[in-house]
Amino acid sequence: MAISMASPLSSWPWAFLGSYKYLLYGPVVGKVVQEWREQGRLPLGTSWCLHLILLLALRSLTYQLWFSYGNMLFFTRRRRVVDDGVDFRQIDTEWDWDNMVIMQTLIAAVLVTSRVFPATSDLSAWDLRGWAIAVVLHVAVSEPAFYWAHRALHLGPLFSRYHSLHHSFQATQALTAGFVTPLESLILTLVAWAPLAGAFMAGHGSVSLVYGHILLFDYLRSMGYSNVEVISHKTFQDFPFLRYLIYTPSYLSLHHREKDSNFCLFMPLFDALGGTLNPKSWQLQKEVDLGKNHRVPDFVFLVHVVDVVSSMHVPFAFRACSSLPFATHLVLLPLWPIAFGFMLLQWFCSKTFTVSFYKLRGFLHQTWSVPRYGFQYFIPSAKKGINEMIELAILRADKMGVKVLSLAALNKNEALNGGGTLFVRKHPDLRVRVVHGNTLTAAVILNEIPGDVAEVFLTGATSKLGRAIALYLCRKKIRVLMLTLSTERFMNIQREAPAEFQQYLVQVTKYQAAQNCKTWIVGKWLSPREQRWAPAGTHFHQFVVPPIIGFRRDCTYGKLAAMRLPEDVEGLGTCEYTMGRGVVHACHAGGVVHFLEGWDHHEVGAIDVDRIDAVWNAALRHGLTPA
């Protein structure tokens, strides 16, 4: 719902700054630097501004950790309250969730520099009486004040002008807790700070109270919006009074869906007293806790991690990374040692895990990841272990009732498992249909080639994809220069072509052979030295992972084969590696087509060249489009 821009306190005054809004912290940081220079040391015991910066970091970490936990589907998928995903539209809408934190930090900075609060040097680190006062004021002031203010925000004019934006989406996440208008942010600030103000006015304020109260407030807000049930229903069964003292994510989700009940801050007691407690709250909490909301996926895409840096692109790491095509951000480089540590941890004690999901026409599609990195697939001693992990994932999917499992990238490497044939032959009674999606990958690459092309240069020519591309093009009477040192493998492919088209397949052993060919199809990494043999104006089509780097400014470079999912996809909020929003690798799309068509065969091993056009047409028929 749209918020009226004319309504006071309905939009943020610094919205025009975009990402530069963080410069608003400049005066606070400047004050700390000034005090540091004056005292000759970091003013930890005397500077409220330094404490505000530390609080800002800790508060941001609190929201981030709850966001990460909520998206760790390998831990939380069975206890998700609302099974919808957070899509790109919601991510963009809630992008500036931290405006509330900025406002509160700036207000606090004004108060402390105006000496409204005593200096930190005059405060004790801990005062139990101050904590007791804060608890009493929270129950007696903060809870009822928020309850009635929240109910008022759900009335016609206030809801349409302010609160409706907060209710834009039913599937909440930890960051939704901060996604409010300035008016709502002011209300939350007064509610959160009233106990602190009371304790300080009574002369019993302390540094620990400031940290503890604010961080606990953020923690409970993030927990409620996490969309993951964290409290056991048995706790409420054993101690019924607790259900009135602490809310749950299930409790809050009912408020976001139905909007006419469960208005409390943290304590459902006030909903009970106000007659607005939703009677379904405890039953829903029990059902979610028992995993009754859990769904078995219909389709699974089995991927692996490319490298350490790209591992931070997963949706449970950073929203700003996973919701955009992968790129190396300098700000992430300090976190490389942590990501490297996780790689070692996965190497020794991890198993295949769920990464993300979306829905398409009522069917649940999930992405699972083998906890292995690209370089590990080329370690001979690791081959057996990787195949065992893939096999266990297939057997798990079969037991669960998954209908189609598509192997991605190196998980279907010919040298590793014959494009999946190893598993299908070993388990002939599999109900889950194992596919590699390469037929559609070949179709995407082939449909990128202009109709007037008479000659192409093909690297990776004897691979699964290279073979299919060469056999398809030669039937179109397009001359294919196949780069390979293996005459035997070339001859085997050439013999597969009809006799009248075999002449169009030509073996070459050096890149110099393509110095007059402007259409290169790349299935093997190209160095700058190798790329220099391409004539000016060459276009590089590619199916190599990771994609080659565009060193030539006088040439053009295609992206990896990909397709855009149909417009009716739901809950998709993660970009697949370097792909754009809503775009997936062609092998992923190939598995989707296989599922939507209901084909009952395993698509493993070599690509059936005769099926390339049929798979392409099926993809277009189901609404998948070239990216």
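If you look the protein chain up in an unreviewed UniProt entry, it shows as aldehyde oxygenase (deformylating) from Oryza glumipatula. Regarding the protein chain, the UniProt comment filed under Sequence similarities (unreviewed entry) reads as follows: "Belongs to the sterol desaturase family." Under the UniProt heading Subcellular location (unreviewed entry), the note attached to the protein chain is "Endoplasmic reticulum membrane".

Moving on: the domain arrangement of the protein chain. Under the domain assignment used here, the protein chain contains domain 1 (59–290), domain 2 (299–435 + 565–626) and domain 3 (440–560). Taking the mean C-alpha position of each, domain 2 and domain 3 sit 25 Å from one another. The interface of domain 2 with domain 3 comprises 22 residues on the first partner and 17 residues on the second. The largest contributions to the domain 2 side of the interface with domain 3 come from Ile 607, Val 609 and Trp 616, which together make up 35% of the buried area. There are two salt bridges connecting domain 2 and domain 3. A salt bridge links Lys 464 to Glu 414, with the shortest nitrogen-to-oxygen separation between them at 2.9 Å. Of all the secondary structure elements, the ones that give two or more residues to the side of domain 2 that touches domain 3 are helix H23 (586–597) and helix H24 (612–621).

Outside of glycine, negative phi angles account for most residues, and trans bonds account for most peptide bonds. Phi at Arg 361 is positive, roughly 55°, even though this residue is not glycine. With respect to the helices, strands and loops of the structure, Arg 361 is situated in the loop between strand S2 (353–360) and strand S3 (363–373). Phi angles above zero are rare outside glycine, and Ala 409 is one such case at about 45°. With respect to the helices and strands, Ala 409 occurs in the loop between strand S4 (404–407) and helix H17 (414–417).

For the coordinates displayed, the defined rule picks out 27 aromatic pairs. Counting every residue linked through ring pairs, the aromatic cluster contains Phe 457, Tyr 511, Trp 520, Phe 540 and Tyr 557. Against the face of Trp 95 rests Arg 319, its NZ or CZ located 4.3 Å from the ring centre. The ring of Trp 368 has Arg 396 lying over it, and the distance from NZ or CZ to the ring centre is 4.1 Å.

A few words now on the sheet that holds S4. Here we have six strands laid out as an open sheet, ordered S5-S4-S1-S3-S2-S13, and mixed in their pairing. Every other strand in the sheet has two partners, leaving strand S5 (433–435) and strand S13 (569–570) as the edge strands with one partner each. By the bridge criterion, four bridges tie strand S1 (residues 299–305) to S4 in an arrangement that is parallel. Residue pairing for S4: Val 300 is matched across the bridge by Leu 405.

The residues that UniProt annotates with the feature "domain: Very-long-chain aldehyde decarbonylase CER1-like C-terminal" (unreviewed entry) are residues 456–626. End C-alpha atoms of residues 456–626 are separated by 21 Å, and the span's content is 28% helix alongside 20% strand.

With that settled, the discussion passes to helix H21 (residues 487–496). By the burial criterion, the buried members of H21 are Phe 490, Ile 493 and Gln 494. Around the axis of H21, the buried residues are gathered within 100° of arc, so they sit on the same side. Exposed residues on H21 whose side chains face more than 90 degrees from its buried face are Glu 488 and Arg 495. Considering only its buried residues, H21 is in contact with helix H20 (464–475), strand S7 (479–483) and strand S8 (505–508).

Two elements in contact, helix H9 (residues 207–225) and helix H11 (residues 249–258), have axes separated by 7 Å at closest approach and are oriented at 65°. It follows that H9 is roughly perpendicular to H11 by the angle criterion. Across the interface between the two elements, Met 223, Gly 224 and Tyr 225 of H9 pack against Pro 249, Leu 252 and His 256 of H11.

Further remarks concern the pattern of salt bridges. For the structure shown, the criterion picks out 19 salt bridges. A salt bridge links Asp 610 to Arg 475, with the shortest nitrogen-to-oxygen separation between them at 2.8 Å. Here Arg 475 lies in helix H20 and Asp 610 lies in the loop between H23 and H24, a separation of 135 residues in the sequence. Note that Arg 552 and Asp 554 form a salt bridge whose closest N and O atoms lie 2.8 Å from each other. Residue Asp 554 is classed as partly exposed on the basis of its relative accessible area of 39%.

The next subject is the layout of surface pockets. Its volume calculated, the second largest pocket comes out at about 430 Å³. What lines the second largest pocket is a set of 23 residues, and nearest its centre among them are Gly 558, Lys 559, Leu 560, Thr 578 and Met 579. Listing elements by their share of the lining of the second largest pocket, those giving two or more residues are helix H19 (438–448), strand S11 (556–560) and strand S12 (562–564). Broken down by element, the lining of the second largest pocket gets its largest block of residues, four residues, from S11. Among the residues forming the lining of the second largest pocket, the class breakdown is 15 nonpolar, five polar and three charged.

Next up on the list: the UniProt feature "domain: Fatty acid hydroxylase" (unreviewed entry) in the protein chain. The feature "domain: Fatty acid hydroxylase" (unreviewed entry), as annotated in UniProt, sits at residues 135–276 in this numbering. The annotated region residues 135–276 carries 61% helix and 0% strand content, and the separation between its end C-alpha atoms amounts to 24 Å.

Calculation rules
Residues numbered from 1 in each chain as written. Predicted model: local features only at pLDDT ≥ 70, side-chain atom pairs only at ≥ 80, totals over all residues. Heavy atoms only, no water. UniProt positions renumbered as here; feature names shortened; annotations may be inferred. Domains from an automatic or database assignment. Contact = heavy atoms within 4.5 Å. Buried area = accessible area lost by both parts, 1.4 Å probe. Salt bridge = Lys/Arg side-chain N within 4 Å of Asp/Glu carboxyl O. Helix = DSSP H or I, 4+ residues; strand = E, 2+ residues; numbered from the N terminus. Phe/Tyr/Trp six-rings, centres within 6.5 Å; stacked < 30°, edge-to-face > 60°. Lys NZ or Arg CZ within 6 Å of the ring centre and 35° of its normal. Pairing = 2+ DSSP bridges. Buried < 20%, exposed > 50% of the residue type's maximum accessible area, 1.4 Å probe, protein only. Arc of directions from axis to C-beta. Axes fitted to C-alpha atoms, helices over the stretch in contact; angles between N-to-C directions. Parallel < 35°, antiparallel > 145°, perpendicular 65-115°, else oblique. 1 Å grid on protein atoms, 1.4 Å probe; cavity = no way out; pocket = protein on both sides within 12 Å on 5 of 7 lines; lining within 4 Å. Points joined across faces, edges and corners; volume = space filled by probe spheres on them. Nonpolar A, V, L, I, M, F, W, Y, C, P; charged D, E, K, R; others polar.

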